Amino acid sequence: MARRGVRCAVGLITGAAAAVIELPFVVLAGLAMLPVAAWPAGRRAILRFLLACARGLTKFERLRLKLWLRVSVSPAYTDMAALRYLACRWALGLLGGVVMLSVAIGLGYGTSWIYIWLLVDDVRNPGAITYGSLGGLFLLFLAVQGMFGVAELEGRLARRLLGPRHQEELERRIAELSASRAAVVDAVHDERRRIERDLHDGVQQRLVALGMLLGRARRSQDGDRRDRLLRQAHEESRQALEDLREVAWRIYPTTLDEAGLHAALETVAERTSVPVRVEYDLVEEPERAMATVAYFVV
């Protein structure tokens, strides 16, 4: 709470200092636009300069809000929105300055008894000092509440005038979901093609060779040659089974369900062609979806 109060205080003080610049800027901007109101070319030239200044001041305001008031505003706002924001924000800046002045006055009166007790030897009117200190503390309490209130108003004003509208936010969210869906579809398509390639290049070729060996064994009249072909066919069937198990393991490892993420990662390390050391520091087994993602990332 104390840290938040200090952040809000610094944010309002810097906001009041910025309002001293923003108020003259808004007044001068209005005065500059009056002579060229009926001259489109001059109006566009002056407005271009004013909008550039407004964007620079609003950039400082965004930094102040984020740093001290913990208010994040999207940078996707127009220059005209920045000018409208400055036209409204200077009033809140001055209000924040008045609130901080009230905080200083309340703090000064609320702690005045300490200074008087330390500096004055003979206190002649202790009742007035007590009433003054109590009034100062009450003013400090009200000013601190006002400080938090002005900070909240600062955030609402920035989100209202600079943040995207509800329709724009929905459109942005729809675009993000469409992009993520397209990425998922592409990933699934790539994975399907990889599985098809593994089946075609591995298992299918083994099964073709197995069928050819069995056909040659059936047509052979030599018993020794038939036995040799059957042994080759048996070896080919074992290799086909290994290839099929390899493809299934790369689609989803059964070890992940049976023994957990640690054992599945150790299996990955054992299958690599280079030396790999597994460092597993998780205290407990993660959830199934998280473990699956971690497994495939590794």
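See the structure shown above.
It should be emphasised that the depicted structure is a prediction, and the values quoted were computed from it without experimental measurement.

(A) Representation of the overall build of the chain within the structure. When helices and strands are tallied, the chain shows ten helices and zero strands. Counting from the amino terminus, the chain carries its helices and strands in the arrangement α-α-α-α-α-α-α-α-α-α. Taking 19 Å as the expected radius of gyration for a compact globule of 298 residues, we find that the chain reaches 37 Å, considerably beyond that expectation. Projected onto its principal axes, the C-alpha coordinates of the chain cover approximately 130 × 70 × 30 Å. Among the 298 residues that make up the chain, the fraction classed as buried is 29%. When contacts within the chain are restricted to residue pairs at least 6 apart in sequence, those whose partners lie at least 24 apart make up 73%. Entry remark: accessible area of the chain is about 20,200 Å², with carbon and sulfur atoms responsible for 63%.

(B) Layout of the packing of aromatic side chains. Applying the stated criterion to the full structure yields one aromatic pair. Relative to Phe296, the ring of Tyr295 lies with its centre 5.1 Å away and its plane at 80°, an arrangement referred to as edge-to-face. We classify Tyr295 as buried; its relative accessible area is 6%. The residue whose ring lies beneath Arg4 is Phe148, and the NZ or CZ to ring-centre distance is 4.5 Å.

(C) Quick look at the environment of Val208. By the secondary structure assignment, Val208 is in helix α6 (residues 166-219). Looking at Val208, the relative accessible area reads 43%, which means it is partly exposed. Val208 sits 28 residues away from Glu236 along the chain, and the two C-alpha atoms are 9.7 Å apart.

(D) Main features of the state of the cysteines. Considering all chains together, one arrives at zero disulfides under this definition. Here Cys53 stays free of any disulfide, with the sulfur of Cys88 as its closest cysteine sulfur at 18 Å. For Cys88, a relative accessible area of 40% corresponds to the partly exposed category.

(E) Up close: the pattern of salt bridges. The tally for this structure, following the rule as stated, stands at eleven salt bridges. Two residues, Arg89 and Glu22, come together in a salt bridge whose shortest N-O distance is 3.1 Å. Separated by 67 residues along the polypeptide, Arg89 in helix α3 (residues 79-110) and Glu22 in helix α1 (residues 2-33) bring together distant segments of the chain. For the pair formed by Arg89 and Glu22, the shared burial category is buried. Taking the shortest distance from any N to any O, the salt bridge between Asp257 and Arg288 comes out at 3.0 Å. Of this pair, Asp257 sits in helix α8 (residues 254-258) while Arg288 sits in helix α10 (residues 288-297), placing them 31 residues apart in sequence. A residue is classified by how much of its surface remains accessible, and Asp257, at 38% relative accessible area, is partly exposed.

(F) Expanded view of α3. Here α3 is 32 residues long and its end C-alpha atoms lie 45 Å apart, about the 46 Å a rise of 1.5 Å per residue gives. The largest bend along α3 measures about 35° and falls at Arg89.

(G) Expanded view of a positive patch on the surface. A surface patch of positive charge is lined by Arg216, Arg218, Arg219, Arg228 and Arg231. Those elements that place two or more of their residues in the positive patch are α6 and α7 (223-251). Position of Arg218 among the secondary structure elements: in helix α6.

(H) Geometry of the environment of Glu246. Relative to the elements of secondary structure, Glu246 occurs in helix α7. Taking the C-alpha atoms as reference points, Glu246 and Met212, 34 residues apart in sequence, are found 23 Å from one another.

How each quantity is defined
Residues numbered from 1 in each chain as written. Predicted model: local features only at pLDDT ≥ 70, side-chain atom pairs only at ≥ 80, totals over all residues. Heavy atoms only, no water. Helix = DSSP H or I, 4+ residues; strand = E, 2+ residues; numbered from the N terminus. Rg over C-alpha atoms; globule rule 2.2 N^0.38 Å. Buried < 20%, exposed > 50% of the residue type's maximum accessible area, 1.4 Å probe, protein only. Contact = heavy atoms within 4.5 Å. Areas by Shrake-Rupley, 256 points an atom, 1.4 Å probe, with all protein chains shown as cover. Phe/Tyr/Trp six-rings, centres within 6.5 Å; stacked < 30°, edge-to-face > 60°. Lys NZ or Arg CZ within 6 Å of the ring centre and 35° of its normal. Disulfide = S-S within 2.5 Å. Salt bridge = Lys/Arg side-chain N within 4 Å of Asp/Glu carboxyl O. Expected span 1.5 Å × (residues − 1). Bend = angle between axes of the 7 residues up to and from the residue. Patch = residues over 30% accessible without salt bridge, like charges linked within 9 Å, V, L, I, M, F, W, Y side chains within 5 Å. Lys, Arg positive; Asp, Glu negative; His and termini not counted. Charge placed at Lys NZ, Arg CZ, Asp CG, Glu CD.

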